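Below are the chains, spelled out letter by letter.
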Amino acid sequence: MWRPSTAEVKRRLVHASGSGMPLLYILDLVDWRVLGYLFILASVVVTVLEALRLFGGLDWRIYDELTREYEQDNVAGYALYIYSQTAVALVFAPHIAVPGMLMLTIGDPISGLLGSAPVGEMKSLPTLGAMFTVCFALAAPFVVPVVGVVAGVGASVVGAVGATLADGAKPVVAGYVIDDNLSIPPVACVGIAAMLWVVA
């Protein structure tokens, strides 16, 4: 039976803490434009940190705790996590982008605690089912009020399927692992937007 390690639990808690950024908008503490600026600033900061880690010898202990083996010589997941959210914040409307962000910050850590799979292999069906359920529940409250029940439910399903597939396996392309921190928000948001375009 899968049991997450202490390091894995720590990674997932840090992962979930990233919900604070979209929550600033959800709680109406900042408007959408300001949130975009905050994500751009965060992207600049993590770019500098990654440049120092990869090329400047920066070796903080936290990197040993929170990065995986395949990230040691590549851009780490935490940076991809920020980049993907920044991208959807700049490209999509809030009712599309916020669900994609939350699927990453909440859905992914829940899925990760329920099960894992080696790079290139798919997670178990129960873990995929849990990921889909959580992602749909995160999307519908944002999409349905804007576009209506039928279109909103359909778009939420498509977005949740996209996020689930992105989370379910980490494919290797040209020797580089496609991390779900990078893929979940854009795949989910493109799915939601495409479905809304079809039914509009």
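Since the structure is predicted, the reported quantities are computational estimates derived from the model, not experimental observations. Along each chain, the written sequence defines residue order, and numbers are assigned to residues from 1. Only residues with pLDDT of at least 70 get local features here, since the model is predicted, and only at 80 or more are side-chain atom pairs given and counted; chain-wide, interface and lining totals rely on the full set of residues. The basis for the side-chain values is all heavy atoms of the structure; hydrogens and waters are excluded.

**Notes on the packing of helix α8 (residues 149-168) against helix α9 (residues 180-199)**
Angles here are taken between N-to-C directions and fall from 0 to 180 degrees, while the axes themselves are lines fitted to C-alpha atoms, restricted in helices to the stretch in contact. A run of H or I in DSSP counts as a helix once it spans at least four residues, and a run of E counts as a strand once it spans at least two, with each numbered from the N terminus. Interaxial distance between α8 and α9 falls to 8 Å at its minimum, and their mutual angle equals 155°. If you check the angle between α8 and α9, you find them roughly antiparallel. The way α8 lies across α9 gives a crossing that is right-handed. Across the interface between the two elements, Ala-151, Gly-154, Ala-155, Val-158, Gly-159, Gly-162, Ala-163, Ala-166 and Asp-167 from α8 touch Asp-180, Ser-183, Ile-184, Val-187, Ala-188, Gly-191, Ile-192, Met-195, Leu-196 and Val-199 from α9. Three classes are used: nonpolar for Ala, Val, Leu, Ile, Met, Phe, Trp, Tyr, Cys and Pro, charged for Asp, Glu, Lys and Arg, and polar for all others, with Gly counted as polar. Among the residues making up the contact of α8 with α9, the classes are represented as 12 nonpolar, five polar and two charged. Here is the rule for angles: anything less than 35 degrees is roughly parallel, anything more than 145 is roughly antiparallel, 65 through 115 is roughly perpendicular, and the remaining ranges are oblique. Each crossing gets its handedness from the near helix: less than a right angle anticlockwise from the far helix is left-handed, clockwise is right-handed. Contact criterion: two residues are considered in contact whenever any of their non-hydrogen atoms come within 4.5 Å of each other.

**Some points on a nonpolar patch on the surface**
Patch membership requires over 30% relative accessible area and the absence of a salt bridge. Like charges are linked within 9 Å, and nonpolar side chains (Val, Leu, Ile, Met, Phe, Trp, Tyr) within 5 Å. Here the open area of atoms and residues is found with the Shrake-Rupley method and a 1.4 Å probe, where only the protein chains shown may cover a residue. By definition here, a salt bridge exists when the distance from a side-chain nitrogen of Lys or Arg to a carboxyl oxygen of Asp or Glu is within 4 Å. Taken together, the side chains of Val-34, Tyr-37, Ile-40, Val-44, Val-48, Leu-52, Leu-90 and Val-91 present a nonpolar region at the surface, about 720 Å² in accessible area. Per-element tally for the nonpolar patch: the top contributor is helix α3 (residues 32-55), with six residues. With respect to the helices, strands and loops of the structure, Val-34 is situated in helix α3. A relative accessible area of 34% places Val-34 in the partly exposed class. The buried label goes to any residue with under 20% of its type's maximum accessible area, the exposed label to any with over 50%, and the partly exposed label to all in between, with areas taken from a 1.4 Å probe on protein chains only.

**Details of the packing of helix α5 (residues 77-91) against α9**
The geometry of α5 relative to α9 is characterised by a closest axis approach of 7 Å and an angle of 20° between their N-to-C directions. Taken as axis vectors, α5 and α9 run roughly parallel relative to one another. Considering the relative orientation of α5 and α9, their crossing is right-handed. Mapping the contact onto sequence places Gly-77, Leu-80, Tyr-81, Ser-84 and Val-88 in α5 and Asn-181, Leu-182, Pro-185, Pro-186 and Cys-189 in α9. Among the residues making up the contact of α5 with α9, the classes are represented as seven nonpolar, three polar and no charged.

**Things to note about the pattern of salt bridges**
As enumerated under the stated definition, the model contains two salt bridges in all. The shortest N-O distance in the salt bridge between Arg-53 and Glu-50 comes to 2.8 Å. In this pair, Arg-53 and Glu-50 are both assigned in helix α3, three residues apart and thus about one turn of the helix distant. Per residue, the accessibility class of Arg-53 equals that of Glu-50, and both read buried.

**A short note on unusual backbone geometry**
Residues other than glycine predominantly adopt negative phi, and peptide bonds predominantly adopt the trans conformation. For Asp-28, which is not a glycine, the phi torsion comes out positive at approximately 65°. With respect to the element layout, Asp-28 can be found in the loop between α2 (20-26) and α3.

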